[in-house]
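Chain and residue survey
Here are the chains, one letter per residue:
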Amino acid sequence: MPPTAATKPDDAAEASARTRSRDAWYRALAVAVVALTATVAVVLFTRGDDAGSAAGTAPAADIGAGPVDRELTVTITNRTASPPTSRIEIARGSTIRITVTSDAQDELHVHGYDRKATLTPGQPGSVQFRADTPGLFEVETHISDLVLFQLVVR
């Protein structure tokens, strides 16, 4: 049967309803994408770069060159750390200085506290901070990817 004038308005109404439905779906998708992007941004910016740090905690207090409660010294020769890799426990709130002397160019990094020092061959490089975030944090070199020790803050 050929289309009549009576069926044409229904076709237009169906097309309009499909367009509204599709537009609503696109709006919902756009809102979901924006919400997901915002959530990811919040997580990345509040978490820092380490799994060991607690989300939303402030970075360690930079205490400069003042007195320290614990001083740790490591020497790296031929990609071997001395003393050997271990866990070192310190009390929360302690000030700590980590000094590393390496026979190769590298970078010292304390995960969770985001402290770094350039290691120039034969010259000590140090980081000093207040260990105010509890947890387990790796202290490593970035270029040689050598774990020096794990810092346990309780």
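Structure first, text after, so check above.
I will try to describe carefully the structure that is included in this document. No experiment lies behind these values; they were computed from the predicted model shown.

Spatially, four strands are ordered E2-E1-E4-E7 in an open sheet, and the strand pairing comes out mixed. Strand pairing shows two members of the sheet lacking a second neighbour, strand E2 (80–82) and strand E7 (125–131), which therefore form its edges. Strand after strand, the sheet turns through a mean of 20 degrees between neighbouring axes, direction not considered. Both strand E1 (residues 70–77) and strand E4 (residues 94–102) contribute to a ladder of seven bridges, which runs parallel. Looking at E4, one finds that isoleucine 76 is bridged to serine 102.

So, about the pattern of salt bridges. A full pass over the atoms with the stated rule returns two salt bridges. In this structure, the salt-bridge partner of arginine 97 is glutamate 71, at a minimum N-O distance of 3.1 Å. A residue pair is termed long-range when its members are at least 10 positions apart, and arginine 97 in strand E4 and glutamate 71 in strand E1 qualify at 26 residues. For glutamate 89, the salt bridge is made with arginine 154, and the minimal N-O distance between the two is 3.0 Å. Here glutamate 89 is found in strand E3 (residues 87–90), whereas its partner arginine 154 is found in the segment after strand E9 (147–153), with 65 residues between them in sequence. Glutamate 89 sits in the partly exposed class, given a relative accessible area of 47%. A relative accessible area of 60% places arginine 154 in the exposed class.

Turning our eyes to something else, we now look at the pairing of E4. A large share of E4 lies buried, amounting to seven of its nine residues. The sheet contact formed by E4 and E7 spans seven bridges and is antiparallel. Bridge pairing links isoleucine 98 to valine 127 in E7.

Before going further, it helps to spend a moment on unusual backbone geometry. In the segment running from serine 82 into proline 83, the intervening peptide bond is cis, with an omega of 5 degrees. In this structure, proline 83 sits in the loop between E2 and E3. We note that asparagine 78 has phi near 50 degrees; this positive angle belongs to a residue other than glycine. With respect to the helices and strands, the residue asparagine 78 is situated in the loop between E1 and E2. With phi around 55 degrees, aspartate 145 is a residue other than glycine that occupies positive phi space. Here aspartate 145 is to be found in the loop between strand E8 (135–141) and E9.

A word on the sheet that holds E8. Strands sit in the order E3-E9-E8-E5-E6 across an open sheet of five strands; the sheet is mixed. One side of each edge strand has no neighbouring strand; the edge strands of this open sheet are E3 and strand E6 (115–119). Taking each pair of neighbouring strands and ignoring which way they run, the sheet shows an average axis angle of 20 degrees. Of the strand pairs in this sheet, strand E5 (residues 106–110) and E6 are connected by five bridges, and their pairing is antiparallel. Looking across to E6, one finds that glutamate 107 is bridged to threonine 118.

Calculation notes
- Residues numbered from 1 in each chain as written.
- Predicted model: local features only at pLDDT ≥ 70, side-chain atom pairs only at ≥ 80, totals over all residues.
- Heavy atoms only, no water.
- Pairing = 2+ DSSP bridges.
- Helix = DSSP H or I, 4+ residues; strand = E, 2+ residues; numbered from the N terminus.
- Axes fitted to C-alpha atoms, helices over the stretch in contact; angles between N-to-C directions.
- Salt bridge = Lys/Arg side-chain N within 4 Å of Asp/Glu carboxyl O.
- Buried < 20%, exposed > 50% of the residue type's maximum accessible area, 1.4 Å probe, protein only.

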